[in-house]
Amino acid sequence: MRKRGKQQVSLILAGAMAGSLAGCMPTQSKETTAAAAETQDTKAAEGTQAPGAGTEAAASADMEVNTTDPITLRFNWWGGDSRHEKTLKAIEAFEAKYPNIKVEAEYEAFNGHEEKISLALNAGSAADVIQLNMDWVFAYSPNGETFYDLNKVSNIIDLSNYDDSDKAFYTVNGALQALPIANTGHGFIWNKTTYDKVGAKIPTTLDELYEAGEKFAAYEDGSYYPFACADYVKVHLMIYYLQCKYGRDWIKDNALQYSKEEITEGLDFIRELEDKHIIPNSEKLAGEGTSELLETSESWINGHYGGAMCWDTNIAKYVDAVTDGEIVVGDMINMGEYHGGPIKASQVIAITSTSEHPAEAAALIQFLFGDEEGAVILGDSRGIPCNKNAVQYVETEGSLVAEMNEKLMAWSAFKLDIFTERAALKAPDGVYTLAIQSLSYGEEDAAACADMLIDGINREIETATAQ
């Protein structure tokens, strides 16, 4: 029987709620948040720049890259081994082009990364060039002052290779705070070897997923599952399901667009997947120590988990981890009348306002994410580039990332909002994990867990938009 102490869950949830209100992330002004949301909606609806979003942008300062004096830049990013290796090679090529510039690489896995970034930004000690999540731009730079205005280095970074709508989206008070590296979404990958072994069809519909659950449950000792999700990813799977059924944005105009009854239905769907042996429950995941990172699970590594839902930019981590099986990209699963699952920028790149070398930092960004040489070296390690020049040089033949990205862009009709991935919601001790685990362990019913999600999300929207 799945059981945890209710008192323990209540105490943890209370702590998470308190932390979301008193954390180190700065709040956004109502104007900044509303502008970002409006620009995002306009971008989705029209694909053009929002009126007035960049009307006060600064002109290029005609800075020149120093090619003689010794300069040290720091570049901070997160990722898996494949991304690290390719980025380090690209940095070496940049240093060969600019022998006077030394780039200190700061990199790690994503877990715990935002906390370090938050502390560094607040202390004024962050790296010169920094990789960010989309929503962090608005959380950490509500007034457009935390990151350097990239309009001022437009003679170094060719901004014409980025969509106007993207530049408008990341412009705060006339200052271009960041540029998108790639667009991404949650797609589906499958261990074809495992499916062949079990004798199941890789699913493309909800009915086929249920049929796979029956076959996997009956196979050998029942330790094989057709699909698996880390606990917080189950919320993304729920959103996917609800959007497929109801065809609405998850959050729009600074408000959750689904009722308690609909979210309860979505959580019942997640519990049904657990009960029907389609995805492992929280107890199973916790027993393997993989409630957060599925790709480190022994059951993923040895092929006992037959599939996963992941960002296209993270595929390499899943493929590299598997010791038994061929990983293939599947079609998006049809779960209703609509195409669910929102798209977002996988990462964005920015220069911190505390950098003493913005021109040289801009040269690094242009080389890595805009020039042919950098694009060839980085390949699809961060996804398929948004930069119109760089994308021409990325080899996509045989790329699982490119294959999933193409399917995602053809399928998805929604854009991810700037609230859904806030730290207090998706962190290991955040609202998503706590709600899912409370449901999975049977400590709360779906309706009570829906209240947890609704309260947590509304609290984050209120915190983000507070003056």
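Worth saying up front: this structure is predicted, and the values here are computed from it rather than measured. (Residues numbered from 1 in each chain as written. Predicted model: local features only at pLDDT ≥ 70, side-chain atom pairs only at ≥ 80, totals over all residues. Heavy atoms only, no water.)

The subject of this paragraph is the overall build of the protein. A tally of helices and strands in the protein yields 19 helices and 13 strands. Per-residue burial over the protein gives 58% buried out of 467 residues. Pairs at least 24 residues apart make up 77% of the contacts formed inside the protein by residues separated by at least 6 positions. (Helix = DSSP H or I, 4+ residues; strand = E, 2+ residues; numbered from the N terminus. Buried < 20%, exposed > 50% of the residue type's maximum accessible area, 1.4 Å probe, protein only. Contact = heavy atoms within 4.5 Å.)

For the rest of this paragraph, the subject is the layout of surface pockets. Here the largest pocket is characterised by a volume of approximately 860 Å³. Forming the walls of the largest pocket are 49 residues, and the residues nearest its centre are W78, F110, W311, N314 and K317. The greatest single-element share of the lining of the largest pocket, amounting to six residues, is contributed by helix α13 (residues 315-321). (1 Å grid on protein atoms, 1.4 Å probe; cavity = no way out; pocket = protein on both sides within 12 Å on 5 of 7 lines; lining within 4 Å. Points joined across faces, edges and corners; volume = space filled by probe spheres on them.)

For the rest of this paragraph, the subject is the nonpolar core. In this structure, F75, I189, F227, M238, W250, I263 and L267 are the most contacted members of the largest nonpolar core, which totals 136 residues. If near-sequence neighbours (up to four positions away) are discounted, M238 is found in contact with W250, I263, G266, L267, I270 and L453. (Core = buried A, V, L, I, M, F, W, Y, C linked by side-chain atoms within 4.5 Å.)

With that settled, consider the pairing of strand β6 (residues 179-184). For a regular strand, the rule is simple: side chains alternate between the two faces of the sheet. Burial analysis of β6 places five of its six residues in the buried class, the great majority of the element. Across five bridges, the pairing between β6 and strand β12 (residues 342-351) is antiparallel. By the bridge assignment, N183 is partnered in β12 with A345. (Pairing = 2+ DSSP bridges.)

All right, on to the packing of aromatic side chains then. Across all of its chains, the model carries 22 aromatic pairs by this definition. Note on F169 and Y170: the rings are 4.8 Å apart at their centroids and 80 degrees apart in plane angle, and the pair reads as edge-to-face. Taking the relative accessible area as the measure of exposure, F169 reaches 3% and is therefore buried. Note on Y170: relative accessible area 2%, which makes it buried. (Phe/Tyr/Trp six-rings, centres within 6.5 Å; stacked < 30°, edge-to-face > 60°.)

Before going further, it helps to examine the sheet that holds strand β10 (residues 307-311). Pairing in this open sheet of three strands is antiparallel, and the strands run β10-β7-β11 from one edge to the other. Both outer strands of the open sheet, β10 and β11 (327-329), are each paired with one neighbouring strand and no more. With strand direction ignored, the average angle separating the axes of adjacent strands in the sheet is 35 degrees. Contacts between helix α9 (residues 233-246) and the sheet are confined to β7 (186-191) and β10, with β10 contributing the most and set at about 90 degrees to the helix. (Axes fitted to C-alpha atoms, helices over the stretch in contact; angles between N-to-C directions.)

Relative to the helices and strands, M63 is located in the loop between α2 (30-46) and β1 (71-78). Sequence separation between M63 and I156 is 93 residues; the distance between their C-alpha atoms is 7.8 Å. Dropping the residues within four chain positions of it, M63 is found in contact with Y148, V153, N155, I156, P358 and A359.

Turning next to helix α3 (residues 81-97). End to end, α3 covers 25 Å across 17 residues, agreeing with the expected 24 Å (1.5 Å per residue, within 8%). Burial in α3 covers these residues: R83, H84, T87, A90, I91, A93, F94 and E95. Here the buried face of α3 lies against β1, β2 (101-108), β3 (129-132), β12, α14 (358-369) and α15 (372-378). (Expected span 1.5 Å × (residues − 1).)

Along the polypeptide, S399 turns up in the loop between α15 and α16 (400-411). Its relative accessible area of 10% is what places S399 among the buried residues. There is a polar contact of 3.3 Å between the side chain of S399 and the backbone nitrogen of V401. (Polar contact = N/O pair within 3.5 Å; in protein donor to acceptor, adjacent residues only side chain to side chain.)

Within β12, ten of the ten residues are buried, leaving the element largely enclosed by the surrounding structure. When β3 meets β12, the two strands line up antiparallel, connected through four bridges. Looking at the pairing, V129 lines up with I351 of β12. By the bridge criterion, two bridges tie β12 to strand β13 (residues 414-415) in an arrangement that is parallel. Each bridged residue has a counterpart across the sheet, and for P342 the counterpart in β13 is F414.

Another point: empty space enclosed by the protein. Tallied over the full model, the rule gives four cavities of 30 Å³ or more. Estimates place the volume of the largest cavity at around 120 Å³. Breaking the lining of the largest cavity down by element, the ones donating at least two residues are β6, α14 and α15. For the lining of the largest cavity, the element with the most residues is β6, which contributes three residues.

This paragraph deals with the pattern of salt bridges. Per the stated rule, a full pass over the model turns up 20 salt bridges. When the shortest N-O distance is used, the salt bridge between R271 and D275 registers 3.3 Å. Here R271 and its partner D275 are both found in helix α10 (residues 260-275), four residues apart, which amounts to about one turn of the helix. We note a salt bridge from E421 to K344, for which the minimum N-O separation is 2.6 Å. Separated by 77 residues along the polypeptide, E421 in the loop between β13 and α17 (423-426) and K344 in strand β12 bring together distant segments of the chain. When salt bridges that share partners are traced, they join D231, K234 and E274 into one network. (Salt bridge = Lys/Arg side-chain N within 4 Å of Asp/Glu carboxyl O.)

Geometry only, nothing functional implied.
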